[in-house]
Amino acid sequence: MASIHDVAKEAGVSVATVSKVINHYPDVSEKTRKKVKLAIARLRYRPNVIARGLVTGRSWTVGVLLHVPFTNPYVSMLLEGMKTALEHSGYDLMRLSARLNDPDYSFIDHCHSRNLDGIVVFGVEKDHRSIQELIQAGIPTMFVDTDATGLRAGNITTDNRNGIRMAVQHLFELGHRRIAYLAGVPGQDVNELRLTGYREGLGAFSLAYREDYVVDGDYSYDSGFQGMNRLMELDEPPTAVICTSDMAAFGAIRAIEARGFTVPGDISVVGFDNIFETELFKPGLTTINQNIHAIGVKSIEELIAMIKDPKYPPPIVTEPSNLVIRESTGIAKVIT
């Protein structure tokens, strides 16, 4: 079996240079990098991960804690983005399970036992005990859709407020004045930002905020179905509804149709996420696009930057959002 010394001899470089190429250091010319990679391929050299860890002080493994159902299409798109970022990074990804509701459980101990270099967290709120312990422990961490920061912790999210404001404007321009909102889980950062955007959007067009037009949910199809039924039972039901996720919007549309009404003929519906299924669903869903793949990519890229450089400032990244108009929104049937 070839050794790193064999690779260095074959490529005509030092062992240190081979190590830099293997560990993705930037201070190697592209010409030298190609020579080393060719030598590695010719000799079928396989770096010893344990040895690399002893030299660099790293495990070359990052963890991801996804405290949400894996059936959520957002999760698969997020993971695909992470996979893209990891392909040439030299790092492996480990999915973490956690007993966050167990008072005797320590998530920090769990991470240390896996010897992780860094962690991406999605679906856990910043005031959770385990998250606060994670921030204080100083493990490089990137939070997705959670407004948490620390000396070694940053976050990434979409421009949630502006996305919802764009949806309100779109519906207003179609003549809608009774615009309802199927919200997410109360208290969650992403839900509060989107709810703020809804309030701001209404205010921009002098539309009154109505408590009965806001129904809490959990981003799921079922919550969208049930929430829409509640809205349609009002004495003055809305002519349009903005949903805090595409899955909830799908449920809302089916609830409308189950009562014999049409989308958008009777009620217009807007989602949030722009998951793959929005184009396949009938009617095609108007939705607020967040680049989920890019969020996955950047969460890993920023995490690795923090791992490599202890002085790297913890990033706060906001990805832009935009409105994608499809068939689920149309001119208001009743303009008031």
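Presented here is an overview of the structure given in this document. Computed from a predicted model, the values in this text were never measured in an experiment. (Residues numbered from 1 in each chain as written. Predicted model: local features only at pLDDT ≥ 70, side-chain atom pairs only at ≥ 80, totals over all residues. Heavy atoms only, no water.)

### What about the nonpolar core?
- L78, Y198, M228, I242 and V269 are the most contacted members of the largest nonpolar core, which has 65 residues in total.
- Residues C111, L116, V124 and I135 belong to the second largest nonpolar core, which totals 17 residues. (Core = buried A, V, L, I, M, F, W, Y, C linked by side-chain atoms within 4.5 Å. Buried < 20%, exposed > 50% of the residue type's maximum accessible area, 1.4 Å probe, protein only.)

### A look at the packing of aromatic side chains
- Summed over the entire model, instances satisfying the criterion amount to six aromatic pairs.
- Between Y181 and Y198 the ring centres are 5.0 Å apart and the planes differ by 15°, which places this aromatic pair in the stacked class. You can see Y181 sitting in strand β6 (residues 179-182) and its partner Y198 sitting in helix α9 (residues 189-204), a full 17 residues away along the chain.
- For the pair Y198 and Y209, a centre-to-centre distance of 6.0 Å together with 65° between the ring planes defines the contact as edge-to-face. Placement of the pair is Y198 in helix α9 and Y209 in the loop between α9 and β7 (214-215), with a sequence separation of 11 residues.
- On the accessibility criterion, Y198 (1% relative accessible area) is buried.
- Ring-pair connections join several aromatic residues into one group, and the members of that group are Y181, Y198 and Y209.
- The ring of F172 has R177 lying over it, and the distance from NZ or CZ to the ring centre is 3.8 Å. (Phe/Tyr/Trp six-rings, centres within 6.5 Å; stacked < 30°, edge-to-face > 60°. Helix = DSSP H or I, 4+ residues; strand = E, 2+ residues; numbered from the N terminus. Lys NZ or Arg CZ within 6 Å of the ring centre and 35° of its normal.)

### A word on the sheet that holds strand β12 (residues 321-324)
- Spatially, six strands are ordered β7-β6-β8-β9-β10-β12 in an open sheet, and the strand pairing comes out mixed. Of all strands in the sheet, those bounded by a partner on one side alone are β7 and β12.
- Looking at chain direction, strand β9 (residues 268-273) and strand β10 (residues 286-290) are connected through four bridges and run parallel. By the bridge assignment for β10, D273 is matched with N289.
- On the sheet, α9 packs against β6, β7, β9 and β10 and is oriented at approximately 175° with respect to β6. (Pairing = 2+ DSSP bridges. Contact = heavy atoms within 4.5 Å. Axes fitted to C-alpha atoms, helices over the stretch in contact; angles between N-to-C directions.)

### Some thoughts on the sheet that holds strand β3 (residues 118-122)
- As summarised here, the arrangement of the six strands in space is β2-β1-β3-β4-β5-β11, forming an open sheet in which the pairing is parallel. Looking at which strands have only one partner, the edges of the open sheet turn out to be β2 (92-96) and β11 (316-319). Neighbour-to-neighbour, the strand axes of the sheet open up by a mean angle of 20°, direction not taken into account.
- Sheet strands touched by helix α12 (residues 292-308): β1 (61-66), β3, β4 (141-144), β5 (153-158) and β11. Its angle to β4, the strand with the most contacts, is close to 160°.

### Topic: the pairing of strand β8 (residues 240-243)
- Covered by surrounding structure in β8 are A240 and I242 together with V241 and C243, the residues of both alternating faces.
- In terms of strand pairing, β6 meets β8 through four bridges, oriented parallel. The residue bridging I179 from the neighbouring strand is A240, located in β8.
- Alignment of β8 against β9, held across three bridges, turns out to be parallel. The residue bridging A240 from the neighbouring strand is S268, located in β9.
- One crossover worth recording links β8 to the parallel β9 by way of helix α11 (residues 246-258), and it is right-handed. (Right-handed = clockwise from strand over helix to strand, strands pointing away.)

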